[in-house]
Structures are given as structure tokens and as C-alpha cells.
Amino acid sequence: MNPDSLSVPQGAGLGLRRAFLGPLAEQRPDSVNFLEVAPENWINLGGRYGRQFRAMTEAYPFVTHGLSLSLGGPEPIDVELVRAIKGFLDLHGIEIYTEHLSYCSDDGQLYDLLPIPFTGEAVRHVVRRIQQVQDILERPLGIENASYYAAPGQEMSELAFLQAVLTEADCGLLLDVNNIYVNSINHGYQAGDF
């Protein structure tokens, strides 16, 4: 999977909320170049909202950022969710799908983004799961570097962990600069050096 082959929207994006559907349909601001949604919030949307959403995907480039794959979690990947996301992306012609490099489930949704240990074993675990997701989606997955408060069982640096996952999984990166800054404060390193 080659993330470089994607058509990545340029400029300023807006996180789409249902309350924005009407106003954006009435007046398309020139300063918004693309829209972003969490696919889990829009997959099964029908009726008036579904029609309005479809009009938006025809008018704007879209990117998606997931909330619940739990790439580092102990439970198997929710294959039905990934298939639903693929159907959603295909239906709306959306190429870009990113997800947090963390875990958020263990025998149920935890509603928090928890850190993955920076270990070789964790790299292998996450890489297998990312590859599984990419195979189902038939497109590259982008992962977002996560903020974290503790690094239990750390065997490598955050940067080395992230680089290993990116290289071995052959996936993209959504670099969250704010998360780098938060982590630099929490863990005492220079954000610019990272």
C-alpha cells in the first residue's frame, strides 16, 4: 500500500457536524477546502441527514478519522466495523482514512485512547492489525501519533516505536503536532527535536 499515491486535500479543513449540514448547503465558504468526519458517526445515516451528507461529499473533498478501531487493543479487530467503514468510504469516494495509534477497547468500548507499550512485541501486534485493516479497506490506513501520560514497559523511544510501525506496516502518518507538544511536556523532551 503506497500512502504517497493518495490524493490528499490541501488547505484548511472543517470537522463536519450535523448542525453544519444546512448552513454549508446554503453557503459554501471559500476558506474551507475539505471536510473531516469520524465515519462511525455517519455510516448508517439515512433520511434527510443522509441526503444532506451525500450532497456534502459531492461538493467537498473529504477525509475521515476513526475513533474505535483499537489498533493496539487485545481484542480482535472488529472486522464488521472495518467492512462498514470500507463501504462508507467507497460509497462517498473518500480515499483518506486515519485512526489513532492507541487502544480503546477490551471486552467493550473504553471511551478513552490508551497508550500502547513501546516494545518490539507491540510493534509486531500493531503492524499485523494495521495490515489486516488495510487489506479489508483496500487502501492505506494513516495512523495518528497519540498523546500519553505513561509508557508502561517501555523498551524503545516513542519516536523509534512510531518509525518501526510506519516502516513495517507500510502505512501513512497523520502527525498530530499538539500531541507531540503534550508528550514533550509530559515526558520532558524537546518537541522540535521529535
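Residues numbered from 1 in each chain as written. Predicted model: local features only at pLDDT ≥ 70, side-chain atom pairs only at ≥ 80, totals over all residues. Heavy atoms only, no water.

1. Comments concerning the overall build of the chain
Note the cut-off: Runs of H or I in DSSP of at least four residues are treated as helices and runs of E of at least two as strands, each being numbered from the N terminus. Whether a residue is buried, partly exposed or exposed follows from its accessible area with a 1.4 Å probe, protein chains only, as a fraction of its type maximum: under 20%, in between, or over 50%, in that order. By definition, residues are in contact when any of their heavy atoms lie within 4.5 Å. Note on areas: Shrake-Rupley with a 1.4 Å probe; residue coverage comes only from the protein chains shown.
On a plain count of helices and strands, the chain comes out with 6 helices and 8 strands. Reading the secondary structure of the chain in the N-to-C direction produces β-α-β-α-β-α-β-β-β-α-β-α-β-α. Principal axes of the C-alpha set define a box for the chain whose edges measure 50 × 35 × 30 Å. In the chain, buried positions account for 42% of the 194 residues. If you take every contact in the chain between residues at least 6 apart in sequence, the share linking residues at least 24 apart comes to 77%. Surface summary for the chain: the accessible area is close to 10,300 Å², and the carbon and sulfur share equals 50%.

2. Regarding the pairing of strand S3 (residues 62–65)
We count it as follows: Paired strands, as defined in this entry, are two strands with at least two bridges between them according to DSSP. Place the viewer so that the strands point away; then a crossover is right-handed whenever the path from the first strand over the helix to the second strand goes clockwise.
Side-chain alternation along S3 places Phe62 and Thr64 on one buried face and Val63 and His65 on a second face that is also buried. Of the strand pairs in this sheet, strand S2 (residues 34–37) and S3 are connected by 3 bridges, and their pairing is parallel. Directly across from Leu35, in S3, lies its bridge partner Phe62. Where S3 lies against strand S4 (residues 96–100), 3 bridges are found, and the strand directions are parallel. Within S4, the residue paired with Thr64 across the bridge is Tyr97. Since S3 and S4 lie parallel, the crossover through helix H3 (residues 79–92) that links them has a hand, and here it is right-handed.

3. With respect to the nonpolar core
Stated formally: Among the buried residues, those of types Ala, Val, Leu, Ile, Met, Phe, Trp, Tyr and Cys that are joined through side-chain atoms within 4.5 Å form a nonpolar core.
Grouped together as the largest cluster of nonpolar side chains are 42 residues, with contacts concentrated most on Leu16, Phe62, Ile130 and Ile143. Among the elements of the structure, helix H1 (21–26), S2, helix H2 (47–59), H3, helix H4 (120–137) and helix H5 (158–169) are those that each provide at least two residues to this core. Ranked by residues supplied to this core, first place goes to H4 with 8 residues. The residues touching Phe62, leaving out its near neighbours within four places in the chain, are Leu16, Leu35, Val37, Phe53, Met56, Thr57 and Ile94.

4. Brief notes about the packing of aromatic side chains
Given two aromatic rings, their pairing is described by the distance between the two centres and the angle made by the two planes. For the record, the criterion: Two rings belonging to Phe, Tyr or Trp (six-membered ring only in the last case) form a pair when the distance between their centres is within 6.5 Å. Interplanar angles under 30 degrees mark stacking, angles over 60 mark edge-to-face geometry, and anything in between is tilted. Only when the NZ of Lys or the CZ of Arg is both within 6 Å of the ring centre and within 35 degrees of the ring normal is a charge said to sit over the ring.
This model, assessed by the stated rule, comprises 6 aromatic pairs. Measuring from centroid to centroid gives 5.4 Å for Phe53 and Phe62, while their planes differ by 75°, and the two rings are edge-to-face. Here Phe53 falls in the buried class, since its relative accessible area comes to 2%. Residue Phe62 is classed as buried on the basis of its relative accessible area of 7%. Here Tyr189 and Phe194 contribute two aromatic rings whose centre-to-centre distance is 5.7 Å and whose plane-to-plane angle is 20°, an arrangement assigned as stacked. With a relative accessible area of 23%, Tyr189 lands in the partly exposed category. Sitting over the ring of Tyr60, Arg28 keeps its end group 4.2 Å from the ring centre. Looking at Arg48, its charged tip hangs above the ring of Tyr49, at a distance of 4.8 Å from the centre.

5. Some thoughts on the packing of H4 against H5
Worth spelling out the cut-off: For helices, the fitted line uses only the C-alpha atoms of the stretch in contact; every axis is such a line through C-alpha atoms, and the angle between N-to-C directions lies from 0 to 180 degrees. For classification, angles of less than 35 degrees are called roughly parallel, those exceeding 145 degrees roughly antiparallel, those between 65 and 115 degrees roughly perpendicular, and all remaining angles oblique. In this scheme, a crossing is called left-handed if the near helix is turned counterclockwise away from the far one by less than a right angle; it is called right-handed if the turn is clockwise. Polar here means any residue outside two lists: the nonpolar Ala, Val, Leu, Ile, Met, Phe, Trp, Tyr, Cys and Pro, and the charged Asp, Glu, Lys and Arg; Gly therefore counts as polar.
Remark: H4 packs on H5, axes separated minimally by 9 Å, with the N-to-C direction vectors making an angle of 40°. Here H4 is positioned oblique relative to H5, judged by the angle of their axes. The two elements H4 and H5 meet at a crossing, and its hand is right-handed. Seen from H4, the contacting residues are Ala122, Val123, Val126, Val127, Ile130, Gln131 and Gln134; seen from H5, they are Phe161, Ala164, Val165, Glu168 and Ala169. Residue classes in the contact of H4 with H5 are distributed as 9 nonpolar, 2 polar and 1 charged.

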